[in-house]
Each structure stands twice: as C-alpha cells, then as structure tokens.
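Next come the chains, spelled out residue by residue.
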Amino acid sequence: MSSAFRKASKSKQRPHRERSQPASRRKLGLLEKKKDYRLRAHDYHKKQNALRALQKKALDKNPDEFYFKMICAELKDGVHIKKLPKDEVTPEQVKLMRTQDIKYVEMKRVAEAKKIERLKSELHLLDAEGKNPNKHVFFFDTKKEVQEFDIATHLDTLPELVDRVYNRPTIATLQKETLKGATDPFHLKKLAQQRKNQYDLLKQRIEREKAMFVVAQKIQTRKDLLDKTHKVKVKKETANGPAIYKFKFQRKR
C-alpha cells in the first residue's frame, strides 16, 4: 500500500531538469555534469598512475642489467625486430633436402595418377564434356536412298535412343528382354548428376597431377642449380613449366 502511495505522490512532483549552460558562457560549449567530470577524472588519474609506475621502474632499474634480447633485436623505423639466426646448412645437406622434397612430390603424383586411371576405368569417358564426338558415316548408292534415310530405322532402334552413345539396344533386344536398371526420369537424372560429379572429380585430379609434375620439375631445376658448373638461362620460369638452363659440358673422369 505504501509503495503505491509513494508512486502516486511522485507522479505529481515537478520533473527534475538539469541546469544548462548560462547564456554568457554559451561559447564554451555544453555545461559539464557530474558524470562527465567523473569520466574525465578517471582518465586523468589512470594516466598519472601509469606515469608514476614508469618513473618508479626507471628509478629501480639496474644499470648493469643484461638480457639476450638486447643483442638479438634491432630497431627499424622505431619498431624492435628480432634478428633471425642464419641457418648453417652445407651444400650437401641442401641437395639431400631437395631430393627428399622431390621424392615426396613424386610419391603424391604417382598416387594421383593411379586414382586417375581407376576413375577412367570406371567412367569410360563415353559422354565426357569436351570430348570430340564420334563420327558415324553411312554410304548409299543413290540420292533417293539419301532422301529416304531414317537413322532410327537404319540402326534398328527406337527414335528416343538414337542420341545415346552407349546402351542403345535394338528393337529385337527390347522385345526379347526386359529393361534392367532405373527407368523413371528421377533416377535417371540422379544417375546423370552422379556421373557428372565423377567427371568433375576426374578433371580436378588430372589438373592436380599436372601441377605436381610441374612442381617436381621446378624442384629438380633448383637442385641442379646448386652445381657450380657454368650455366646460361635459356628460358624463364613460368606457371606451367620450370626455367631451362644450358650447362657447360664437362668431361667426367
């Protein structure tokens, strides 16, 4: 009951209005309130505390202090950059590492080539995109035979099956045997999509195998450049092939 009376009495009070900036001081901007002063004071004291902490750290510092970053870092454009140690590797070790890289890339390339052969054996590439269409030439003796020519009748099959490059049974086969496999349009569309996905996968694997072959050639070229024999660059390196060098002939003893 008391809370309801308190709320009712507050509803009749005058609304609290903050004092605004006097007209004579309007040029100085908005009048600062208590909450604004608290934020400004908090920021000021925070900066003062940080400065006092840095001054104390500087006073307590030992002039004989040493740590390894003093000699392992350098200043560049006002930023401390850590000096990276140089790798001490002999030419024989570099050649060995290049050989290991070549073996790894070649192993991956051979694995991709085996997967490509397996996919090709499954797909047969009969209706692959980009494949040149096969040509079937029919020969006739007279012009009348050419005008009356019907490819479905000549191949002894249904007109709906003429465009197929595979699985094109004759009418006699269709009369003797029943159709096997999917025949409804939904399953045929699903099988066509699966076959397309397999062709896309085959294309990706072929491109990956070619890229690995180029990488192996480039690594081998860099390995050959470690030899101190005089050489002349014949062709620049490209994205699809390594650089070509001509080495001076040396007679081996």
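Residues numbered from 1 in each chain as written. Predicted model: local features only at pLDDT ≥ 70, side-chain atom pairs only at ≥ 80, totals over all residues. Heavy atoms only, no water.

1. Notes on the overall build of the chain
Each helix and strand counted, the chain has eight helices and four strands in total. For the chain, the α and β elements follow one another from N to C terminus as α-α-α-β-β-α-α-α-α-α-β-β. Taking all 253 residues of the chain together, 11% fall into the buried category. Put simply, of all contacts in the chain between residues at least 6 apart along the chain, 43% involve residues at least 24 apart. Total accessible area on the chain is roughly 23700 Å²; 55% of this is exposed by carbon and sulfur atoms. (Helix = DSSP H or I, 4+ residues; strand = E, 2+ residues; numbered from the N terminus. Buried < 20%, exposed > 50% of the residue type's maximum accessible area, 1.4 Å probe, protein only. Contact = heavy atoms within 4.5 Å. Areas by Shrake-Rupley, 256 points an atom, 1.4 Å probe, with all protein chains shown as cover.)

2. Topic: the pattern of salt bridges
What the rule picks out here adds up to 11 salt bridges. Among the ionic pairs, K76 bridges to E74, the shortest N-O distance being 3.7 Å. What makes K76 partly exposed here is its relative accessible area of 44%. Taken together, the salt bridges that share partners define one network made up of E106, R109 and E209. (Salt bridge = Lys/Arg side-chain N within 4 Å of Asp/Glu carboxyl O.)

3. Things to note about the confidence of the model for the chain
Taken over all residues, the pLDDT of the chain has a mean of 80, while the share at 70 or more is 86%. The spread of mean pLDDT over the elements of the chain runs between helix α7 (residues 171–176), the lowest at 74, and helix α2 (residues 34–59), the highest at 95. (pLDDT = per-residue confidence, 0-100.)

4. Some details on unusual backbone geometry
With a phi close to 55°, D77 is a non-glycine residue in the positive phi region. When you line up the elements, D77 lands in the loop between β1 (73–76) and β2 (79–82).

5. Quick word on a positive patch on the surface
On the surface, a cluster of positive charge is made up of K108, K114, K115 and R118. Considering the arrangement of structural elements, one finds K108 in helix α4 (residues 91–123). (Patch = residues over 30% accessible without salt bridge, like charges linked within 9 Å, V, L, I, M, F, W, Y side chains within 5 Å. Lys, Arg positive; Asp, Glu negative; His and termini not counted. Charge placed at Lys NZ, Arg CZ, Asp CG, Glu CD.)

6. Some points on the side chain of T221
Structurally, T221 is set in helix α8 (residues 185–225). In contact with T221, not counting residues within four places along its chain, are P242, A243 and Y245.

7. Here we look at a nonpolar patch on the surface
Judged by side-chain polarity, F66, Y67, F68, M70 and I71 come together as a nonpolar surface patch covering roughly 570 Å² of accessible area. The topology assignment puts I71 in helix α3 (residues 69–72).

8. Quick look at the pairing of β2
Inspection of the sheet shows β1 paired to β2 by four bridges, in the antiparallel sense. Looking at β2, one finds that E74 is bridged to I81. Remark: two residues form the turn of the hairpin made by β1 and β2, two consecutive strands paired antiparallel; D77 in that turn has positive phi of roughly 55°. (Pairing = 2+ DSSP bridges.)

9. Focus on α8
Taking 1.5 Å of rise per residue, 41 residues should cover 60 Å, and α8 covers 60 Å from first to last C-alpha, within 8% of that figure. All of the buried residues in α8 are Y199, L202, R205, E209, M212, V214, A216, K218, I219 and T221. (Expected span 1.5 Å × (residues − 1).)

10. Things to note about the side chain of Q21
By the element assignment, Q21 lies in the loop between α1 (2–10) and α2. In terms of polar contacts, Q21 uses its side chain to reach the backbone carbonyl oxygen of G29, at 2.9 Å. Those residues in contact with Q21 that sit more than four places away from it in its chain are R26, L28, G29, L30 and L31. (Polar contact = N/O pair within 3.5 Å; in protein donor to acceptor, adjacent residues only side chain to side chain.)

11. Some words on the environment of T153
In this structure, T153 sits in helix α6 (residues 151–155). C-alpha separation for the pair T153 and I171, spaced 18 residues apart in sequence, amounts to 9.7 Å.

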